[in-house]
Amino acid sequence: MIRRISTKLLLAVLVAVAVPFVAFAIFVDHQMADRLAREVVLYSLKGLAADLSSQVDRDIDEHNRDMRQLAADSICDWAIREQGQPERTFRDLLARKLDTAVETQPGSDLILLADYEGTLVASSTRDAQGRRLPGRVLEALAARDLTSEPWFEAGLRGESARVGPHRSDFVVPANPAPGVHPENYHIAFAAPVFSLRDPEQVIGVLYSLVNWRIIQDEIRQPVLKSYFQGLVGPEEFPSAYAWIWDSDADTIIAHQDPELYGERVSGPKIGLPQMVEDARAEDWGLYREYTFRDKRKNAAFKHTAPPEEGGFGWVVGVGIDNDDIFRAVGELRGLLFRATLVALLLAVLLTLVVARRTTGPILALQQHTRRVAAGDLDARVEVRSRDEIGELGEAFNRMTAELKEKRDQLVRAEKDAAWREMARQVAHDIKNPLTPIKLSADLLRRAKRENSPEFDKIFESTLNTISRQVEHLREIASDFHALTGAPKPSLEEIDAGALVDEVLSLDAAWAHERGIELARSGGGGKVLADLGLLRRALLNLVSNAIEAMEEGGRLEADVRELDGRVRIELRDTGPGVPEDVRPRLFEPYFTTRSGGTGLGLAIAKRVIEELGGTIELVPAEPGPGTVARVQLPAHRA
């Protein structure tokens, strides 16, 4: 027969094979998810971003190179020199050459040559499909003054120039339909034409207008989708896509959703300023995980070549939804968790069978423990077994018997100690005023016996002394009476702000004498309280604050109603309360001053708490000083 509870629990643990399943599931969940996301997918995103950035740079370099080569062709020099002459041999030949260049160079929509005066020398006359450009476009080009164009000015200085994404008025929009269409945008390249006779003299500028669709097509490459096909299965399409930002690392210039063209990433419509920060901080890296259109995502970025290296300095980004990253892991996680659930259910069923035989005595012990906690030390457990629980029951019975005996002894000792402490404190507090009364009476008796000529003066002084000390004795009696229990308070509606103003006015003369400035802020608030008791509590707090500022200072009282409570704050500029004595400030008879009974704060705490409020003393911030904070429930009539 199994009697030891440890043996019963051991059998339950051996059967509970769910623990290895749970540990393995957690391990796979964390390790595979982290490795798949961090070591595979995220680094793949970085590689794709770098590849896409390099491809964009190659496209830009190719157009730069084509323009330089075409500008260096001698036919450009001959055509410019033929400008103004009736013959058009070289100009017509150049126009046919430019038509061929438009048809062979990817994305070219227009190429033109202007002489150093900004006059059109020749231009392409056909589009990439070989169709002739509209006559009005060619006429507008011929009549146009190009000297004000930034690219023309750069070309005359002998510099190659590039113009970022824009809508050019040199050509007719390819898609006249409403909305944003990438094919209506262009980038441009310009190269200076040097004289064959004087290689340092610029005689014209060659300009090429390239359709933006070649860049938009780069971010739509199928390789982005196919690269992550294994994450989602053969019949589905992964969410990976790319985008391009302008050189400010904030403005979208290419995206799978053209409606986002021109939007600022840090702006209210997108609201991802942290991505802008990441892109500006490094040349190549990973964005912090973010949410866009209710989807958690991860992405990488890479800057293209800067303008000084012949590029535009754009930011190329490649991202994917987290749902795709963790889909395979989620399927494995679900399988493991289902297996774990089955094992766990089996373990729980067997454990319940074993536990029913072992938890009965524990429940009985629990019930008796609650009886003991409620004060019933006569509770005894019925011991029915010889295992650890039986031994625990016997120990519990011995403990309750000992506790009952010790409690009776402790109650008697506490009563004796309380009476002794009360008697000692009362005797000490009464002794202090009795001493000056006795001395004054002896002085009066001696003056009477000796027929002192100062008898009348001594008589008046003695009466005043006795009167003050009797008043002190009355205050001591009142403090003890308030501490040990006063009559039921008379509650009434009180304006806390007005009461604070009254208390400050009572101590105004005293504060002025000590060089203390009294200030008031905030408004007020209605509370339900005993006027006399609350006034005395606040007087105690104000008196403590004034006494703390021996060298003068400032006492500011603030009264406000916040969240259904009226808060009263008294902020002084004194030295503050030492950390070691702060926990004892509200204890009866405890004081840091040489005079007083040490009951003021204790009585104030009792009065405030009986009104359903709280009181605390905390360091002022910024210091020095202390803040006495009282909070009372606001009263609604």
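Residues numbered from 1 in each chain as written. Predicted model: local features only at pLDDT ≥ 70, side-chain atom pairs only at ≥ 80, totals over all residues. Heavy atoms only, no water.

Peer 1: A description of the sheet that holds strand 15 (residues 553-562) should follow, citing residues and the corresponding values.
Peer 2: Read from one edge to the other, the open sheet built from five strands follows the order 13-15-16-18-17, with strand pairing classed as mixed. Two strands lie at the open edges of the sheet, namely strand 13 (516-522) and strand 17 (614-619), each paired on one side alone. On average, adjacent strands in this sheet sit at an angle of 15° to one another, irrespective of strand direction. Pairing between strand 16 (residues 565-572) and strand 18 (residues 626-633): seven bridges, direction antiparallel. In the sheet register, I568 faces strand 18, and the bridge partner there is V630. Contacts between helix 15 (residues 496-506) and the sheet are confined to strand 13, strand 15 and strand 16, with strand 15 contributing the most and set at about 165° to the helix. (Pairing = 2+ DSSP bridges. Helix = DSSP H or I, 4+ residues; strand = E, 2+ residues; numbered from the N terminus. Axes fitted to C-alpha atoms, helices over the stretch in contact; angles between N-to-C directions. Contact = heavy atoms within 4.5 Å.)

Peer 1: Hey, could you go over the nonpolar core for me, with residue numbers and the actual values?
Peer 2: Buried together is how nonpolar side chains tend to be arranged in soluble globular proteins. Formed by 50 residues in total, the largest nonpolar core has its most connected members in I187, L206, W212, I244 and W314. Per-element tally for this core: the top contributor is helix 2 (residues 18-71), with eleven residues. Not counting the four nearest positions on each side in its chain, I187 is found in contact with I60, V163, G164, P165, H166, S208, L209, V210, W212, I215, F312 and W314. Ranked by size, the runner-up nonpolar core spans 36 residues in total, among them I494, L499, I516 and I608. (Core = buried A, V, L, I, M, F, W, Y, C linked by side-chain atoms within 4.5 Å. Buried < 20%, exposed > 50% of the residue type's maximum accessible area, 1.4 Å probe, protein only.)

Peer 1: Explain the sheet that holds strand 4 (residues 186-194) residue by residue, including any values.
Peer 2: Taken in spatial order, the five strands make up an open sheet running 2-1-5-4-3, and their pairing is antiparallel. Of all strands in the sheet, those bounded by a partner on one side alone are strand 2 (120-123) and strand 3 (161-166). Each strand axis lies, on average, 20° off the axis of its neighbour in the sheet, ignoring direction. Relative to strand 2, strand 1 (residues 108-115) runs antiparallel, the two being bridged by three bridges. Across the sheet, residue L113 finds its bridge partner in strand 2, namely A122. Together, strand 1 and strand 2 form the strand contacts of helix 5 (residues 135-142), whose direction differs from that of strand 2 by roughly 150°.

Peer 1: Any details on the pattern of salt bridges? Residues and values, ideally.
Peer 2: Using the criterion set out here, one finds 32 salt bridges in the structure. Of the charged contacts in the structure, one is a salt bridge between R567 and D558, with a shortest N-O distance of 3.4 Å. The pair R567 / D558 is uniform in exposure class, with both members buried. The salt bridge involving R567 is made with E569; its shortest N-O contact spans 3.6 Å. Each member of the pair, R567 together with E569, is buried. One continuous salt-bridge network, built from bridges that share partners, spans D558, R560, R567, E569, R571, E616 and R629. (Salt bridge = Lys/Arg side-chain N within 4 Å of Asp/Glu carboxyl O.)

Peer 1: Tell me what's going on with the side chain of N184, and back it up with residues and numbers.
Peer 2: Residue position: N184 is located in the loop between strand 3 and strand 4. Not counting residues within four places of it along the chain, the set of residues in contact with N184 comprises H166, R167, P173, A174 and N175.

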